[in-house]
Amino acid sequence: MKDNDCIFCKIVDGEIPSTVVYENDHVLAFEDLNPMMPTHVLIIPKNHYKNIIDDIPADEMANLMAAIKDVARIKGIDESGFRVIINTNDDACQTVHHVHVHVLGGAKMNEGNPSLDA
Ligand code: 5GP
Ligand code: ZN
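A brief look at the structure comes next. These numbers were taken from a predicted model, which means no experiment stands behind them. (Residues numbered from 1 in each chain as written. Chains lettered and ligands numbered in written order. Predicted model: local features only at pLDDT ≥ 70, side-chain atom pairs only at ≥ 80, totals over all residues. Heavy atoms only, no water.)

Description of the overall build of the chain
- Broken down by element type, the chain carries two helices and five strands.
- Counting from the amino terminus, the chain carries its helices and strands in the arrangement α-β-β-β-α-β-β.
- In summary, the chain has a C-alpha radius of gyration of 14 Å against a globular reference of 13 Å for 118 residues, a match within 12%.
- Taking the principal axes of its C-alpha atoms as reference, the chain extends roughly 40 × 30 × 30 Å.
- The proportion of buried residues among the 118 residues of the chain is 39%.
- Positive and negative charge centroids in the chain, built from 9 and 19 side chains respectively, lie 5 Å apart. (Helix = DSSP H or I, 4+ residues; strand = E, 2+ residues; numbered from the N terminus. Rg over C-alpha atoms; globule rule 2.2 N^0.38 Å. Buried < 20%, exposed > 50% of the residue type's maximum accessible area, 1.4 Å probe, protein only. Lys, Arg positive; Asp, Glu negative; His and termini not counted. Charge placed at Lys NZ, Arg CZ, Asp CG, Glu CD.)

Structure follows, in structure tokens:
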């Protein structure tokens, strides 16, 4: 399940290089190209789904969510804290239409700020 025009599918295939943080058979986690925080990792399913409201099988969703704690531990932000964001469609400024989880941390964030601007 790939989309030939999708940059994140190309990252999964290795056509576009990325700095991999964590990987298993189902998901890939890599450093965001333009980090908004000291830690900014994207987690994606290896299969292509447009966003979180696409028809994502429950096991794929579970694998995506389970990877959050692995990434947080690897990056050393599991105890200090982190924020998870899944931008979906226009109002949330989703720019890459392959579902992805932003894991942001490494510094104190504003309370309740829904923006990525820390
Ligand atoms: P969105 O706005 O869709 O939630 O987030 C897309 C994210 O993908 C942005 O934070 C952007 O910096 C990141 N991004 C876009 N293109 C690339 C790329 O080619 N490589 C990496 N590592 N990140 C990318
Ligand atoms: Zn894709």
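On we go from here.
Notes on the sheet that holds strand β4 (residues 82-85)
- Here five strands make up an open sheet; going across it, the order is β1-β2-β3-β5-β4 and the pairing antiparallel. The two strands at the open ends of the sheet, each matched to only one other strand, are β1 (20-23) and β4. Recorded for the sheet is a direction-independent mean angle of 20 degrees between the axes of neighbouring strands.
- The pairing of β4 with strand β5 (residues 101-105) spans four bridges and is classified as antiparallel. Each bridged residue has a counterpart across the sheet, and for R83 the counterpart in β5 is L104. (Pairing = 2+ DSSP bridges. Axes fitted to C-alpha atoms, helices over the stretch in contact; angles between N-to-C directions.)

Remarks on unusual backbone geometry
- Backbone geometry at N89 places phi at a positive 65 degrees, although glycine is not the residue there.
- By the element assignment, N89 lies in the loop between β4 and β5.
- Notably, C93 is not glycine yet its phi reads approximately 60 degrees, a positive angle.
- In this fold, C93 is placed in the loop between β4 and β5.

Considerations on the nonpolar core
- Y22, A29, I43, V71 and V103 are the most contacted members of the largest nonpolar core, which has 14 residues in total.
- Looking at this core, the elements that each hand over two or more residues are β1, β2 (27-31), β3 (39-45), α2 (58-75) and β5.
- Ranked by residues supplied to this core, first place goes to α2 with five residues.
- Look past the residues within four positions of V103 in its chain and what remains in contact with it is T39, H40, V41, I43, V71, I77, F82 and R83.
- Within the second largest apolar cluster, 10 residues are counted, among which are F8, L28, I44 and V96. (Core = buried A, V, L, I, M, F, W, Y, C linked by side-chain atoms within 4.5 Å. Contact = heavy atoms within 4.5 Å.)

A few points about the coordination of the zinc ion (ligand 2)
- Protein coordination of the zinc ion (ligand 2) is provided by C6 (SG), C9 (SG), H48 (ND1) and H98 (ND1), with donor distances spanning 2.0 to 2.3 Å.
- Because the angles between the four donor atoms bound to the zinc ion (ligand 2) fall within 106 to 116 degrees, the donor set is best described as tetrahedral.
- Each donor residue of the zinc ion (ligand 2) lies on one chain, and together they are spaced C-x2-C-x38-H-x49-H. Pair noted here: C9 is in helix α1 (residues 7-13) and H98 is in the loop between β4 and β5, with a separation of 89 residues, a long-range link. (Donors = N, O, S within 2.8 Å, 3.2 Å for Na, K, Ca; no water. Tetrahedral: all angles 85-135°; square planar, octahedral: opposite > 155°, others 65-115°.)

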